[in-house]
Protein chains: 2
Amino acid sequence: MKVHFGDCLNVLPSLRIGSIDLTYVDPPFCTQRQHRLSTRDRTIEYSFDDRWKSLSEYGDFLSERLRVIHLALAPTGSLFFHCDKTASHIAKFLLDEIFGTANFRAEIIWHYKRWSNSARNLLPAHQTIFFYSKTDNYKFNTVLTDYSPTTNVDQILQRRTRDQSNKSVYDRDDNGNVVYNGTKKGVPLSDVWDIPFLNPKAKERTGYPTQKPVFLLQRIIELVTDPGDLVLDPFCGSGTTLVAAQSLMREAIGIDTSKEAVALTKKRLKQPVITESFLLKKGLKAYRNADETALSLLNGVPYVPVHRNNGVDAFLKSTYKGVPIPVRVQKHGESLSEAAAALRKAASSKNAHRMILIAIDDIPTLFPDPTIPDSVVVVNAPGLSIKRLLAQMELEDQSGCHAET
Amino acid sequence: MKVHFGDCLNVLPSLRIGSIDLTYVDPPFCTQRQHRLSTRDRTIEYSFDDRWKSLSEYGDFLSERLRVIHLALAPTGSLFFHCDKTASHIAKFLLDEIFGTANFRAEIIWHYKRWSNSARNLLPAHQTIFFYSKTDNYKFNTVLTDYSPTTNVDQILQRRTRDQSNKSVYDRDDNGNVVYNGTKKGVPLSDVWDIPFLNPKAKERTGYPTQKPVFLLQRIIELVTDPGDLVLDPFCGSGTTLVAAQSLMREAIGIDTSKEAVALTKKRLKQPVITESFLLKKGLKAYRNADETALSLLNGVPYVPVHRNNGVDAFLKSTYKGVPIPVRVQKHGESLSEAAAALRKAASSKNAHRMILIAIDDIPTLFPDPTIPDSVVVVNAPGLSIKRLLAQMELEDQSGCHAET
DNA sequence: AAAGTAAATGAATCAGTAA
DNA sequence: GTTACTGATTCATTTACTT
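All values reported here derive from a predicted model rather than from experimental measurement.

This brings us to the packing of aromatic side chains. Inspection of every chain in the model, using the stated rule, returns 32 aromatic pairs over all chains. Ring geometry for W52 of chain B against Y58 of chain B: centres 5.1 Å apart, planes inclined by 75 degrees, an arrangement best described as edge-to-face. As far as burial versus exposure is concerned, W52 of chain B and Y58 of chain B are alike and both buried. It is R120 of chain A that lies over the ring of Y138 of chain B; its NZ or CZ is 4.5 Å from the centre.

Structure (structure tokens):
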């Protein structure tokens, strides 16, 4: 783990290294802006300038450095070039020229979800990473992911053969039974990567602008290097690449033109903080609690579902006295007064004067005070109305029968 | 709906059209391959040649045509240019030059899942669509999607203010309660679109190579045009753009250099086959279809769903005078008396004395006799009850204000 | 007019704290 | 220990306004 201060254009040749296994390049994106950010305690401000006279000036800047970087790579080495839509086409031209079109391996899309107030456009939610190898003989570790739930796993395990017209068909043995053919391990990793954006509250955050998540770098490093290999980041910024390399037992060299960035990288390597994304581990499903069929009861009224609150299932888009109206659908096995209490408790701090509770069943309560406050309006689900109706009809029926006899 | 045979370079100027609202360009991607595919019955083989002497030859081909296409656009018009990683950088250069960098709106990633046995690489799972407008004053219909389940919906409805150090914080009233601030509608559509690849077994498939799903085109068309607008596809191929435009009540012009493609497009327009996605979308727009709504609305009462009956959606398992009770859920745009009539007509042969109609909306009737027979019991869906409640609350609110003055 | 600066915005996520 | 729920934070933003 070495961190150098200076411009990679000058630093790299002086290091005389020719056996880099992976270079991750995360240069300025040509945003024509000055980027600034501070640590949370506001003691240090980090910044870098991304303003250029022209596209060609930017292109020249990249071109010079990419040539030096190309030289430093081992024959089995790879380059990952991170950029966004503003200058990806320029980078692609240069990379094709320097590495050769034949060594262009993949265009990786890093897809994430973000907050923004965009109105008259699509919300930007991706960046691009170009993957080039130095030669045809490049190191690559196949990563397999799970099959999609819709995949007919049983069938893809079966042996295949060709019929008379040379069409590929699934094979059968003499008894007409399917024949299995070894095991399958999964689906190769795709070139679209859904990795959460570095969260505003994440501990991993250093205060350096444009910081990338460690997980993204870990995936790149694991894809094309083995433990002990050497990783280079010529624009190392906050040092994410080095932290990721360290966590995966790879060696790494970082270079940056900012003294603050170099200091930060060194500090991070001593005390690495890697946030374990709950979202990545558990997936979105872990957040879903409000039942979808339950919410479809609200059909016809505009509402926003709430997924993270045990008391409130949705807010109506209409407001009452300026406050959105919380809605709860009575849960299975829950009495109406219990439901009302849960709703009121969850809504108490929200200043709501009107709440709506959808009743789905008559459940006797064990609750000490079985009254429902005035602020909670109870609306019956049709199922409940019908149930009561049926009971009533049955009564009428019986009395009718009695009258006849 | 017009389909022209020929090269758009020659055909477009001869059409003398200057008010195209949307052009979708899906040219050869510079794959250096001859693309062939046949219809399932193998009677027709479609093919097009995508082999080029050099990148610059390909660039010249595009450049000439893009200039003509640019001229044909209305001032509020947009261009969507479909390509993949092999030549996206060339296209971007040309588009920046012809449309102006300032009119580059978005780089859309069409992400799909596809099976492949790619071994020493990532699985290609995306294509790129560049979105350019002719001017700053372009037509754009904001599309909103649902919030992520992890979103703190409670909080984003709250008003914000600035504290002493000018930091943005959530506001509280004098009692320490949160203050709400209007309503939210949802998240703007992102620039990464997860749309399934045209299924190998889809009915929608025509046998034309590189056929795109209709759903993809529908999304593009809805994003930047209104009904009645004019859509152009200068490389129309199998005619997907025209089929999508037709389904959304837009006019369209298609051009192709292949006689077979032109014939296929004309044939598809007469008998459009749109698989699932379209149905799915229509269903969503109409707030789900009756079956699903019926299912969830009846939750709690045992019932048997009925398919293929225009009047009855389900039968309750309970009986009245020995006859199962038919249930209908009021359809969208259907008045209650119309619904009751349909229900009674369908149930007449069933000898039913009691029917249940679930009301979902107040729709004024055009029906001669707007009465509902006694045998039909009307039960309100919660959505309707809430709608009426909201209207009532609004009235109270207003009268309250009057009383104060 | 173009360009540059200041202000407003927005939703996704994890860190805390409370239960 | 767990498991809720609340709140803070951003910003390779976007928009509005001023030079």
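There's plenty left to go through after this.
The next thing to look at is the protein's contact with DNA strand C. Taken together, 27 residues are adjacent to DNA strand C, and W115 and N199 of chain A together with T150, T151 and R160 of chain B come closest. The sugar-phosphate share of atoms of DNA strand C within 4 Å of the protein amounts to 54%. Interatomic distance of 3.1 Å between a side-chain N/O atom of T150 of chain B and a phosphate oxygen of DNA strand C. Secondary structure elements with two or more residues in the surface near DNA strand C: α8 (278-282) of chain A together with α4 (153-156) and β9 (160-162) of chain B.

Turning next to the interface of chain B and chain A. Each partner contributes to the interface: chain B provides 87 residues, whereas chain A provides 89 residues. Between chain B and chain A, the buried area comes to about 7,600 Å², and carbon and sulfur atoms account for 63% of it. Summed over the three residues of chain B that lose the most area to chain A, namely R120, L122 and P149 of chain B, the buried surface amounts to 10% of that side. Seen at the junction of chain B and chain A, the total is 0 salt bridges. Across the chain B-chain A interface, the total number found is 19 residue pairs in polar contact (both at pLDDT 80 or more).

The next subject is the environment of T43 of chain B. Among the structural elements, T43 of chain B can be located in the loop between β3 (33-38) and β4 (45-50). At 2.7 Å, the side chain of T43 of chain B forms a polar contact with the side chain of D41 of chain B.

Residue and element names in this part refer to chain B. Notably, T210 is not glycine yet its phi reads approximately 60 degrees, a positive angle. The topology assignment puts T210 in the loop between β12 (192-194) and α5 (214-224). Residues other than glycine seldom take positive phi values, yet M249 does so here, at roughly 60 degrees. One can find M249 in the loop between α6 (240-247) and β14 (251-256).

Our next topic: empty space enclosed by the protein. In total, this model carries 3 cavities of 30 Å³ or more according to the counting rule given. Taken as a whole, the largest cavity holds about 90 Å³ of empty space. Along the walls of the largest cavity sit 14 residues, with S88 and E107 of chain A together with S88, E107 and F130 of chain B positioned nearest its centre. Looking at the lining of the largest cavity, the elements that each hand over two or more residues are α3 (88-99), β6 (104-111) and β7 (126-133) of chain A together with α3 (88-99), β6 (104-111) and β7 (126-133) of chain B. In terms of residue class, the lining of the largest cavity is built from 4 nonpolar, 6 polar and 4 charged.

Confidence in the prediction for chain A averages 85 pLDDT; 85% of positions are at 70 or higher. Counting interchain partners and residues more than four positions distant, the pLDDT-below-50 stretch residues 401-405 of chain A has 0 contacts.

Residue and element names in this part refer to chain A. Pairing within the open sheet is mixed, and its 8 strands lie in the order β1-β14-β13-β2-β5-β7-β6-β12. Each of the sheet's edge strands pairs with one partner strand only, and the pair in question is β1 (2-5) and β12 (192-194). With strand direction ignored, the average angle separating the axes of adjacent strands in the sheet is 20 degrees. Taken together, the 2 bridges between strand β2 (residues 20-25) and strand β13 (residues 230-233) define a ladder with parallel strand orientation. Bridging from a neighbouring strand, L22 pairs with V231 of β13. Strands β5 (73-83), β6 and β7 of the sheet are contacted by α3, whose axis makes an angle of about 5 degrees with β7. Those strands touched by helix α7 (residues 259-270) are β1 and β14 (251-256), and its axis lies near 170 degrees from that of β1.

Residue and element names in this part refer to chain B. Read from one edge to the other, the open sheet built from 8 strands follows the order β1-β14-β13-β2-β5-β7-β6-β12, with strand pairing classed as mixed. Sheet topology places β1 (2-5) and β12 at the edges, where each strand pairs with a single neighbour. The mean angle between the axes of side-by-side strands here comes to 20 degrees, regardless of whether they run parallel or antiparallel. Here 3 bridges tie β6 to β12, and the two strands are oriented parallel to one another. When the bridges of β12 are listed, H111 appears paired with D194. Seen against the sheet, helix α7 (residues 259-270) touches β1 and β14 and runs at an angle of roughly 170 degrees to β1.

On to the packing of α6 of chain B against α7 of chain B, then. Residue and element names in this part refer to chain B. As a packed pair, α6 and α7 sit with axes 9 Å apart at the nearest point and diverge in direction by 25 degrees. For the element pair α6 / α7, the angle class is roughly parallel. The two elements α6 and α7 meet at a crossing, and its hand is right-handed. Between α6, through T240, L242, V243 and Q246, and α7, the contact on the second element is made entirely by T265, R268 and L269.

Another aspect to go through is the pairing of β7 of chain A. In the case of a regular strand, side chains alternate between the two sheet surfaces. All names here are of chain A. For β7, a buried count of 8 out of 8 residues is recorded, marking the element as mostly surrounded by other parts of the structure. Burial along β7 is two-sided: H126, T128, F130 and Y132 and Q127, I129, F131 and S133, pointing in opposite directions, are all buried. For β5 and β7, the ladder comprises 6 bridges, and the chain directions are antiparallel. Residue pairing for β7: C83 is matched across the bridge by T128.

Cut-off values and rules
Starting afresh in each chain, residues are numbered from 1 along the sequence in its written order. Chains and ligands are labelled sequentially in the order written, the chains with letters from A and the ligands with numbers from 1. Per-residue local features of the predicted model are confined to residues with pLDDT of at least 70, and side-chain atom pairs are confined, for both listing and counting, to 80 or more; whole-chain, interface and lining totals are unaffected and use all residues. Excluded from the side-chain calculations are hydrogens and water; all other atoms, namely the structure's heavy atoms, are used. By convention, a stacked pair of Phe, Tyr or Trp rings (six-membered ring in the case of Trp) has centres within 6.5 Å and planes under 30 degrees apart, an edge-to-face pair has planes over 60 apart, and any other such pair is tilted. Burial classes: relative accessible area under 20% of the type maximum marks a residue as buried, over 50% as exposed, and values in between as partly exposed (1.4 Å probe, protein chains only). A positively charged side chain is recorded as over a ring if its NZ (Lys) or CZ (Arg) lies within 6 Å of the ring centre. The angle to the ring normal must also be within 35 degrees. Only heavy atoms are used to decide nearness, and a residue is near a molecule or strand if one of them lies within 4 Å of it. Pairs of N or O atoms within 3.5 Å make up the polar contacts considered here, provided that, within protein, one atom can donate a hydrogen while the other can accept it, and that residues adjacent in sequence are counted only when both atoms are side-chain atoms. A run of H or I in DSSP becomes a helix once it reaches four residues, and a run of E becomes a strand once it reaches two; helices and strands are each numbered from the N terminus. Note on definitions: a residue-residue contact is assigned when non-hydrogen atoms from the two residues lie within 4.5 Å. Here's the idea: put two parts together, see how much 1.4 Å probe accessible area each one loses, and the total over both is what we call buried area. Here, a salt bridge means any side-chain nitrogen of Lys or Arg that lies within 4 Å of a carboxyl oxygen of Asp or Glu. Put simply, the grid is 1 Å and covers the protein atoms alone, a cavity is a trapped set of points that fit a 1.4 Å probe, a pocket is an open set with protein on both sides within 12 Å along at least five of seven lines, and lining residues have an atom within 4 Å of a point. Grid points are joined across faces, edges and corners, and a volume is the space filled by probe spheres set on the points. Each residue is assigned to one of three groups, with Ala, Val, Leu, Ile, Met, Phe, Trp, Tyr, Cys and Pro labelled nonpolar, Asp, Glu, Lys and Arg labelled charged, and all others, Gly among them, labelled polar. pLDDT expresses how confident the predictor is about each individual residue, on a scale running from 0 to 100. Strand pairing is defined by DSSP finding a minimum of two bridges between the two strands. Every axis corresponds to a line fitted to the C-alpha atoms, with the helix fit spanning only the stretch in contact, and the corresponding angles, defined between N-to-C directions, vary from 0 to 180 degrees. Roughly parallel means an angle under 35 degrees; roughly antiparallel means over 145; roughly perpendicular covers 65 to 115; every other angle is labelled oblique. Left-handed describes a crossing in which the near helix is turned anticlockwise from the far one by less than a right angle; the clockwise case is right-handed.

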